[in-house]
Amino acid sequence: MVKYGQKKLVLSAKQHQLPTDQISKFAIKVIKRLKQAGFEAYLVGGGVRDLLLGKTPKDFDVSTNATPEQVRRLFNNARIIGKRFKIVHIIYSNNDTIEVTTFRGGNSQMLQVEDAAISREGKRFEVQVNRDGMLVRDNSYGTSLEEDALRRDFTINAIYLDIQTGELIDFHGGLYDLTQGVIDIIGDPETRYREDPVRILRAARFSAKLGFKLSKRTLEQIAPCAPFLRSVSPARMYDEVNKLFLTGHAQASFKVLTALNLFDQLFTISPMLLNSSTCRDFLNYAFESTDQRFAEGKCNKPHFLYSIILWNEFIWAFYEIRDDLMFSANNINYKSLISFLAAQVVIMQYRITAMPENIIRSIALLWRLQFLLESKDPEKYVKETTSYHAFRAAFDLFKLRAHFDPNLQSRVEFWQPYYDQCKADAERRRKSNEERGSRFERGGRNNRRSSNSRSDYKRGERSERRSGRAEAGSFENFNETHADRQERMNKARDWRRAMNLEP
Ligand code: ATP
Ligand code: MG
């Protein structure tokens, strides 16, 4: 197998024996329709890579010579997303979205711009870079697959599958790198990281996820280019962090990111804390249990992730200020102090990874609940603590802490039965809801009562999102009665008032 020399390698279906039956039927549908309309279309990216590695692909990406507008015209369920880098999402269901990208072309029409996208002499430049060499717009479409491959990030992500002929097409030695377990960036590493510093995080992610090592040239430019990460939009950073830590390889991501000195670029955690073995052991243990949850098919949520990662930063600041105040103030208002410090820590983090508002509120709630769980007189707080939807997540964080702090063990024993009870209640509600759901299905789609309760739920969910109270990705609310929800929302409002978070 050839690696260097940029030789194109084509493997027939007989040669590669890829389990093509695992390819999403929706991806096949999209490719077929594009081809029927006279366009070229290939499967590429993580889908092909993971199939070659014998893993179940997370999603499927399609590359075509049709422009985003042409793709949208072919599909009713298509949506163009992104400005900087336009792609089309063809949505079949929540879990079945096929991402279609148009062949990217070279940078011959590149324009260096100071800030935003502009045009010169009426000519629109579809590839624009800022002074640091960062692509602020990359919508120059190419005509060939070869050109498209050059604009992809790593060799292992630039292998194309033609589902009609069954051929695998590899321009950059990706197949060879897959056999060697190597992540190798395409083109000049410094230029590619400058163009899009997120590629640095992607290199770390694939290394953690696949257990691959970085090629020497891919690795060497990471340290000098890491400062460019500061120019990446915080919203994009938020997405990347979720991919690094919520998808089953958090412990490995932590290891790779700390080895590359990137962890403290992603989180506002002071070097003093990050270098302490207590903090590292805590994070390692927490990430291990996050990965365990993922392996068990349980959902990991961003607010829990951030509450773990920033916990030490928050509690350190809390103890420091409390000790200072103890000397100078007679009466400390702990509620205000906690909410003030939580806001401070979270806002600093927000500047790097723009977490949605409801996540921010949930992080602060998980931290505040730690004080109730830790109370010397827990009996007093049972009603309040267990009434929060976040109680179970807060107790999960508490248990992680108790693993390193024997003083908390007696509280774990105290709260465990309440936790079990809450879990059983949620399970019961989920089951009864499932039954109700199947009655709804049997009753047909025109069943008015059921359909009303569904739209009630949708309305409830929307309004909760607006009020910032709903926890991201939490579908347990679905099981609540209207009265339950009302009560919970009232409590939430009271809590927000108490924490000075009410807008
Ligand atoms: P997974 O979906 O498993 O996380 P993936 O490789 O499919 O991994 P996606 O984000 O879905 O990652 O991107 C699909 C493909 O698009 C990649 O495989 C790669 O070829 C290309 N790509 C994505 N992001 C970049 C980037 N920042 N620079 C260059 N190419 C990219
Ligand atoms: Mg993908």
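Throughout what follows, the structure given in this document is the object of discussion.

Secondary structure assignment for the chain yields 24 helices and 15 strands. Counting across all 503 residues of the chain, residues that qualify as buried make up 48%. Considering only intrachain contacts with a sequence separation of at least 6, the fraction spanning at least 24 residues in the chain is 66%. A total accessible area of about 25500 Å² is found for the chain, and carbon and sulfur atoms account for 49% of it.

Looking now at the nonpolar core. Ranked by internal contacts, the top residues of the largest apolar core, which has 117 residues, are Leu34, Phe245, Phe263, Phe267, Leu283 and Trp367. Ranked by residue count, the leading element in this core is helix 19 (residues 357–374), at 9 residues. Built from parts of two domains, this core gets at least three residues from each of domain 1 (9–103 + 142–180) and domain 3 (284–422). For Leu283, the residues in contact, after removing those within four places along its chain, are Phe254, Phe263, Ile269, Leu274, Ile308 and Ile309. Among the nonpolar cores identified, the runner-up in size contains 8 residues, and Val44, Tyr160, Ile169 and Phe171 belong to it.

On to the site of ligand 1. Near ligand 1 there are 17 residues, and of these Gly46, Arg49, Asp196, Arg199 and Arg205 occur at the shortest range. Measuring from an oxygen atom of ligand 1, one finds a backbone N or O atom of Gly46 at 2.8 Å. Between ligand 1 and the protein, one listed contact pairs a nitrogen atom with a side-chain N or O atom of Asp196 at 2.8 Å. Looking at the shell around ligand 1, the elements with two or more residues in it are helix 3 (46–52) and helix 8 (198–210).

Time to look at the coordination of the magnesium ion (ligand 2). Looking at the metal site, the magnesium ion (ligand 2) is ligated by Asp59 (OD) and Asp61 (OD), spaced 2.1 to 2.6 Å from it. Relative accessible area serves as the criterion here: at 16%, Asp61 is assigned to the buried category.

Moving on, we get to the pattern of salt bridges. Side-chain pairing between opposite charges can occur once the charged atoms of the two side chains come close. Inspection of every chain in the model, using the stated rule, returns 22 salt bridges. When the shortest N-O distance is used, the salt bridge between Arg217 and Asp184 registers 3.0 Å. A residue pair is termed long-range when its members are at least 10 positions apart, and Arg217 in helix 9 (residues 216–220) and Asp184 in the loop between strand 14 (182–183) and helix 7 (189–195) qualify at 33 residues. Between Arg401 and Glu374 there is a salt bridge, and its shortest N-O distance comes to 2.8 Å. Of this pair, Arg401 sits in helix 21 (residues 391–402) while Glu374 sits in helix 19, placing them 27 residues apart in sequence. Here the salt bridges do not stand alone but share partners, grouping Arg151, Arg192, Glu195 and Arg199 into one network.

Contact geometry of helix 8 with helix 11 (residues 234–245) gives a least axis separation of 10 Å together with a crossing angle of 5°. Classed by the angle they form, the pair helix 8 and helix 11 counts as roughly parallel. Contacts between helix 8 and helix 11 involve Val198, Leu201, Arg202 and Arg205 from the first element and Arg236, Met237, Glu240, Lys243 and Leu244 from the second. Classifying every residue of the contact of helix 8 with helix 11 gives 4 nonpolar, no polar and 5 charged.

Turning to the packing of aromatic side chains, a few remarks are in order. Inspection of the entire model under this criterion finds 28 aromatic pairs. Ring centres of Tyr238 and Tyr306 lie 6.2 Å apart, and the angle between their planes is 15°; this geometry places the pair in the stacked category. Taken together, the residues Tyr238 in helix 11 and Tyr306 in helix 16 (residues 302–309) connect sequence positions 68 residues apart. Among the residues examined, Tyr306 registers a relative accessible area of 0% and is labelled buried. Arranged with centres 6.0 Å apart and planes meeting at 65°, the rings of Phe267 and Tyr306 form a pair that is edge-to-face. Residue Phe267 is found in the loop between helix 13 (263–266) and helix 14 (271–274), and its partner Tyr306 is found in helix 16; the two are separated by 39 residues along the sequence. Note on accessibility: Phe267 and Tyr306 belong to one class, buried.

Let us now look at the environment of Ser93. For Ser93, the location among the structural elements is in strand 5 (residues 87–93). Residues Ser93 and Asn77, 16 residues apart in the sequence, show an inter-C-alpha distance of 9.8 Å.

Next up on the list: the pairing of strand 3 (residues 61–64). With burial as the criterion, each face of strand 3 is covered, one bearing Asp61 and Ser63 and the other bearing Val62 and Thr64. As paired strands, strand 2 (residues 41–44) and strand 3 are joined by 4 bridges and run antiparallel to one another. Pairing of Leu43 across the sheet is with Val62, part of strand 3. Of the pairings in the sheet, the one linking strand 3 to strand 6 (residues 96–102) comprises 4 bridges and is parallel in character. Bridge pairing in strand 6 links Thr64 to Thr102.

Trans is the common state for peptide bonds, and a negative phi is the common state for residues other than glycine. Not every positive phi belongs to a glycine, and Gln17 is a case in point at roughly 50°. Within the element layout of this structure, Gln17 appears in the loop between helix 1 (13–16) and helix 2 (25–36). Look at Asn261: it is not a glycine, yet its phi comes out positive at around 55°. Structurally, Asn261 is set in the loop between helix 12 (250–259) and helix 13. Accessibility expressed as a relative area gives 58% for Asn261, which makes it exposed.

This brings us to the side chain of Thr268. Among the secondary structure elements, Thr268 is positioned in the loop between helix 13 and helix 14. Look at Thr268 and you get buried, because its relative accessible area is 17%. Those residues in contact with Thr268 that lie beyond four places of it in its chain are Leu310, Glu313, Val345, Met348, Gln349 and Ile352.

What counts, and where the lines are drawn
Throughout, residues of each chain are indexed from 1 in the direction in which the sequence is written. Throughout, the order in which chains and ligands are written sets their labels, letters from A for the former and numbers from 1 for the latter. Only residues with pLDDT of at least 70 get local features here, since the model is predicted, and only at 80 or more are side-chain atom pairs given and counted; chain-wide, interface and lining totals rely on the full set of residues. Side-chain figures throughout are based on the complete set of non-hydrogen atoms in the structure, without hydrogens or water. Comment: elements are numbered from the N terminus, with helices defined as DSSP H or I runs of at least four residues and strands as E runs of at least two. Partly exposed describes any residue whose relative accessible area lies between the buried limit of under 20% and the exposed limit of over 50%, with all areas from a 1.4 Å probe on protein chains only and scaled to the type maximum. The contact definition used throughout considers only heavy atoms, calling two residues in contact when any of these lie within 4.5 Å. Under the convention used here, a 1.4 Å probe and the Shrake-Rupley method define accessible areas, while residue burial counts only the protein chains that appear. The definition of a nonpolar core used throughout is a set of buried Ala, Val, Leu, Ile, Met, Phe, Trp, Tyr and Cys residues joined through side-chain atoms within 4.5 Å. All domain edges in this entry derive from an automatic or database-based domain assignment. Any residue with a heavy atom lying within 4 Å of a molecule or strand is counted as near it. Polar contacts, as used here, are pairs of N or O atoms within 3.5 Å; protein pairs need one atom able to donate a hydrogen and one able to accept it. Residues neighboring in sequence count only if both atoms are side-chain atoms. Because water is not among the atoms used, a metal site may look incomplete, as its donors are only the N, O and S atoms within 2.8 Å, or 3.2 Å for Na, K and Ca. Here a salt bridge means any side-chain nitrogen of Lys or Arg lying within 4 Å of a carboxyl oxygen belonging to Asp or Glu. Helix axes are fitted only over the stretch in contact, all axes being lines through C-alpha atoms; the angle between N-to-C directions runs from 0 to 180 degrees. Throughout this description, any angle smaller than 35 degrees is read as roughly parallel, any larger than 145 degrees as roughly antiparallel, any in the 65 to 115 degree range as roughly perpendicular, and the remainder as oblique. In this count, Pro and Cys sit with the nonpolar residues alongside Ala, Val, Leu, Ile, Met, Phe, Trp and Tyr, while Asp, Glu, Lys and Arg are called charged and the others, Gly among them, polar. Stacked, edge-to-face and tilted labels apply to pairs of Phe, Tyr and Trp rings (six-membered ring for Trp) whose centres lie within 6.5 Å, assigned for plane angles under 30 degrees, over 60, and everything in between, in that order. Two strands qualify as a pair provided DSSP detects at least 2 bridges between them.

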